[in-house]
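# Analysis of the macromolecular model
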Amino acid sequence: MIHDFLTWLGSTEWSVRLLESLWVWPLIESTHVLSIALFVGSAMMMDLRLMGVRFGTVRASDFTSRLLPWTRGGFVVMVITGILVFYSNPVRYYHNIFFRLKMILMVVAGLNIWLFHSRIHNRVADWDTAAPPPRAARVAGLVSFASWTLIVVFGRLIAYNWFDCDLQPQPGFVNWASGCMLPAE
Amino acid sequence: MLLPFFEWCEATTLGRVVRESLWMFPVIEAIHLVGLCVLGGSLLVVDFRLLGTGLKDSTIADLDRQARPWMLLGVAVMLSTGVPLFLSEAIKCYYNTAFWVKILTLPVALLFTLLVKERFARTATETSTSSRWVGATDLLLWFVVAAGGRWIGFS
C-alpha cells in the first residue's frame with residue numbers, strides 16, 4: 001500500500017520535474033548538506049558538553065537556551081530539504097536499505113531528544129555546572145552523538161545502489177530488509 | 001601546465017586503490033561528511049559568538065579555547081579523507097570548476113582561521129565591530145569551501 005502510494009507520488013508532475021531538474025535538485029541537496037553541518041555540528045558541540053568531554057566552563061543551560069535556536073533552525077531546513085529530496089524519487093528511497101537504517105536511527109535520535117528534554121533537562125538547574133554532568137545526561141549526549149554520526153554516514157550511502165532492488169541477485173536478508181518485491185520464480 | 005601534476009596524482013597508489021574499490025570512495029566520503037559536521041560545529045560556536053549570538057554567557061576567548069581541539073580534529077579528518085578522495089579522481093577535478101573554487105578558497109579559509117581568527121579570539125572577550133568582521137569572514141570562507149566541495153559531485 002505504501003509502495004503504491006509512493007509510486008503515485010513519484011509520478012506527480014512536480015516530483016518528475018524535481019528529479020530531472022538541472023539546478024534545483026543539486027541546490028536542494030547542497031542546502032541539505034550545509035544545514036546538516038549547522039544542525040549536526042551544533043548538536044555535536046552540545047553533546048560534547050552533555051558527555052562532559054568539552055565546554056565544561058559553559059553552563060549546560062546556555063547550550064539549550066542560546067545555541068539551541070540555531071540548532072533547531074538547521075533542523076527545520078534539513079528536514080524540509082530532506083523531504084523534497086525524498087519526494088523527487090520516493091520509491092527508490094523507500095526501498096533503499098541505507099535510507100531505512102537512517103530512518104530507524106532518526107527515530108532513536110528523536111526518542112533520545114524527547115527523553116532528554118522531558119526527564120533530564122527539566123532538572124537542569126540541579127546540574128547546570130556539575131562536572132561531570134549526571135550519568136543520564138552523559139548517556140543522552142553519547143546516544144545523540146553516535147546516532148547522528150551514523151545518520152550522516154547512512155544518509156551519504158543512500159546515493160549508492162549496491163543493494164537496490166533492481167540490482168539482483170541480492171542476499172535474502174537484503175531483499176527482505178529493503179522490502180523488495182521480486183517477480184515470482 | 002598543472003595537468004601533468006594531476007595526472008601524476010591520479011596515478012598514485014593511493015588514488016588507484018580508492019578508485020578501483022567499490023566501497024572505499026563512498027566510505028571515505030561518508031567520514032569526510034562526519035568531519036564536516038565536527039569542523040562546522042566547532043567553527044560555528046565561535047563564529048556565532050564573534051557575531052554576537054549563540055553562547056553569549058561565555059567570553060570569546062573561553063569558547064575559542066574550548067572549541068579549538070575539536071576544530072583541529074575536524075580539519076585533520078577533512079584533510080586526511082579529502083586527499084585520498086581527490087587522488088582517486090584528480091583528472092576529473094582538474095576539469096571541474098567547483099573543485100577549483102573549493103581548493104583555492106581552502107588555504108585562505110585555513111590561514112584565516114588559524115592565524116587571524118585564532119589570534120584575535122585568544123584575547124577577545126566581548127563582541128565588537130572587529131569581532132563581527134572576523135566571525136563573518138570565517139563563516140563566509142568556510143561556506144564557500146563546503147558548498148564548492150558538495151558541488152564537485154554535481155558538475
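This report concerns the structure included in the present document.

What counts and how
- Residues numbered from 1 in each chain as written.
- Chains lettered and ligands numbered in written order.
- Predicted model: local features only at pLDDT ≥ 70, side-chain atom pairs only at ≥ 80, totals over all residues.
- Heavy atoms only, no water.
- Helix = DSSP H or I, 4+ residues; strand = E, 2+ residues; numbered from the N terminus.
- Buried < 20%, exposed > 50% of the residue type's maximum accessible area, 1.4 Å probe, protein only.
- Contact = heavy atoms within 4.5 Å.
- Lys, Arg positive; Asp, Glu negative; His and termini not counted.
- Charge placed at Lys NZ, Arg CZ, Asp CG, Glu CD.
- Expected span 1.5 Å × (residues − 1).
- 1 Å grid on protein atoms, 1.4 Å probe; cavity = no way out; pocket = protein on both sides within 12 Å on 5 of 7 lines; lining within 4 Å.
- Points joined across faces, edges and corners; volume = space filled by probe spheres on them.
- Nonpolar A, V, L, I, M, F, W, Y, C, P; charged D, E, K, R; others polar.
- Salt bridge = Lys/Arg side-chain N within 4 Å of Asp/Glu carboxyl O.
- Core = buried A, V, L, I, M, F, W, Y, C linked by side-chain atoms within 4.5 Å.
- Polar contact = N/O pair within 3.5 Å; in protein donor to acceptor, adjacent residues only side chain to side chain.
- Patch = residues over 30% accessible without salt bridge, like charges linked within 9 Å, V, L, I, M, F, W, Y side chains within 5 Å.
- Areas by Shrake-Rupley, 256 points an atom, 1.4 Å probe, with all protein chains shown as cover.
- Axes fitted to C-alpha atoms, helices over the stretch in contact; angles between N-to-C directions.
- Parallel < 35°, antiparallel > 145°, perpendicular 65-115°, else oblique.
- Left-handed = near helix turned anticlockwise from the far one by under 90°.

## Concerning the overall build of chain B
Scanning chain B from N- to C-terminus turns up seven helices and zero strands. The order of α-helices and β-strands along chain B, N terminus first, is α-α-α-α-α-α-α. The dimensions of chain B, computed from C-alpha atoms along their principal axes, are 50 × 30 × 25 Å. Counting over 155 residues, chain B shows a buried share of 52%. Long-range pairs, those at least 24 residues apart, make up 81% of the contacts in chain B between residues at least 6 apart in sequence. Taken as two groups, the 13 positive and 12 negative side-chain charges of chain B have centres that lie 3 Å from each other.

## A closer look at helix 3 (residues 24-51) of chain B
Residue and element names in this part refer to chain B. With 28 residues, helix 3 extends 39 Å between its outermost C-alpha atoms, agreeing within 8% with the 40 Å of an ideal straight helix rising 1.5 Å per residue. Taking burial as the measure, the 28 residues of helix 3 include 24 buried ones, the bulk of the element. Gly52, located one to two residues past helix 3, shows a positive phi value of around 95 degrees.

## Observations concerning the layout of surface pockets
Residue and element names in this part refer to chain A. Of the volumes computed, that of the second largest pocket is approximately 320 Å³. If you trace the second largest pocket, you find 17 residues lining it, with Phe39, Leu68, Thr71, Ile113 and His117 closest to the centre. The set of elements that each furnish at least two residues to the lining of the second largest pocket consists of helix 3 (24-51), helix 4 (60-88), helix 6 (97-120) and helix 8 (135-157). Within the lining of the second largest pocket, the residues separate by chemical class into 10 nonpolar, five polar and two charged.

## Some thoughts on empty space enclosed by the protein
Residues and elements named next belong to chain B. Going through the model one piece at a time under the given rule, you end up with one cavity of 30 Å³ or more. Estimated volume of the largest cavity: approximately 40 Å³. Contributing to the lining of the largest cavity are Ser42, Leu43, Val46, Asp64, Ala67, Arg68, Met71, Thr113, Lys117 and Glu118. For the lining of the largest cavity, the elements supplying multiple residues, two or more each, are helix 3, helix 4 (60-88) and helix 6 (97-123). Per element, the largest residue contribution to the lining of the largest cavity is four residues, and it comes from helix 4. For the lining of the largest cavity, a count of residues per class yields four nonpolar, two polar and four charged.

## Remarks on the pattern of salt bridges
For side chains bearing opposite charge, pairing can occur when the charged atoms are close. Considering all chains together, one arrives at 17 salt bridges over all chains under this definition. Residues Asp57 of chain B and Arg59 of chain A are paired through a salt bridge, measuring 3.3 Å at the closest nitrogen-oxygen approach. Of this pair, Asp57 of chain B sits in the loop between helix 3 and helix 4 while Arg59 of chain A sits in the loop between helix 3 and helix 4, on two different chains. Judged by its relative accessible area of 41%, Asp57 of chain B is partly exposed. With its nearest N and O atoms 3.7 Å apart, the salt bridge here joins Arg19 of chain B to Glu10 of chain B. For Arg19 of chain B, a relative accessible area of 37% puts it in the partly exposed group. Judged by relative accessible area, which is 16%, Glu10 of chain B ranks as buried. Taken together, the shared-partner salt bridges in this structure form one network comprising Arg59, Asp62, Arg66 and Asp128 of chain A together with Asp57 of chain B.

## Quick word on the side chain of Ser178 of chain A
On the secondary structure map, Ser178 of chain A appears in the segment after helix 9 (172-177). If near-sequence neighbours (up to four positions away) are discounted, Ser178 of chain A is found in contact with Tyr94, His95, Ile97, Arg100, Phe163 and Cys165 of chain A.

## Quick look at the nonpolar core
Counting residues in each nonpolar core, the largest one holds 84 residues, and the members touching the most others are Val40, Met44, Phe55, Phe63 and Trp127 of chain A together with Val45 and Trp142 of chain B. It is helix 3 of chain B that provides the largest number of residues to this core, a total of 15 residues. With sequence-adjacent residues up to four places away left out, Phe55 of chain A is seen in contact with Met45, Leu48, Arg49 and Phe63 of chain A together with Val45, Leu63, Gln66 and Ala67 of chain B. Core analysis: the next-biggest nonpolar cluster, separate from the first, contains 10 residues, Leu87, Cys93, Trp151 and Ile152 of chain B among them.

## Brief notes about the interface of chain B and chain A
Contacts between the two partners involve 36 residues from chain B and, on the opposite side, 37 residues from chain A. One salt bridge in this structure joins Asp57 of chain B and Arg66 of chain A, with 3.2 Å as the shortest N-O distance. Linking chain B with chain A are 11 residue pairs in polar contact (both at pLDDT 80 or more), by the criterion used here. Looking at which element gives the most residues to the side of chain B that touches chain A, the answer is helix 3 of chain B, with 15 residues. Of the residues assigned to the side of chain B that touches chain A, the class counts are 23 nonpolar, seven polar and six charged.

## Brief notes about a nonpolar patch on the surface
All names here are of chain B. Among the surface-exposed residues, Leu72, Leu111, Leu114, Leu115 and Val116 lie close enough to one another that they form a single nonpolar patch of about 420 Å² accessible area. Take Leu114: it is sitting in helix 6. The class for Leu114 is partly exposed, based on a relative accessible area of 39%.

## What about the environment of Gly41 of chain B?
Tracing the sequence through the fold places Gly41 of chain B in helix 3. In sequence terms Gly41 of chain B and Thr13 of chain B are 28 residues apart; their C-alpha atoms lie 33 Å from each other. The residues touching Gly41 of chain B, leaving out its near neighbours within four places in the chain, are Ala37, Gly41, Ser42 and Met45 of chain A.

## Details of the packing of helix 4 of chain B against helix 6 of chain B
All names here are of chain B. With their axes 11 Å apart at the nearest point, helix 4 and helix 6 run at an angle of 160 degrees to one another. Taken as axis vectors, helix 4 and helix 6 run roughly antiparallel relative to one another. The two elements helix 4 and helix 6 meet at a crossing, and its hand is left-handed. Contact residues: helix 4 offers Ile60, Ala61, Asp64, Arg68, Met71, Leu72, Val75, Leu79 and Phe86, while helix 6 offers Phe99, Leu106, Leu110, Thr113, Leu114, Glu118, Ala121 and Arg122. Here the contact of helix 4 with helix 6 is built from residues that sort into 12 nonpolar, one polar and four charged.

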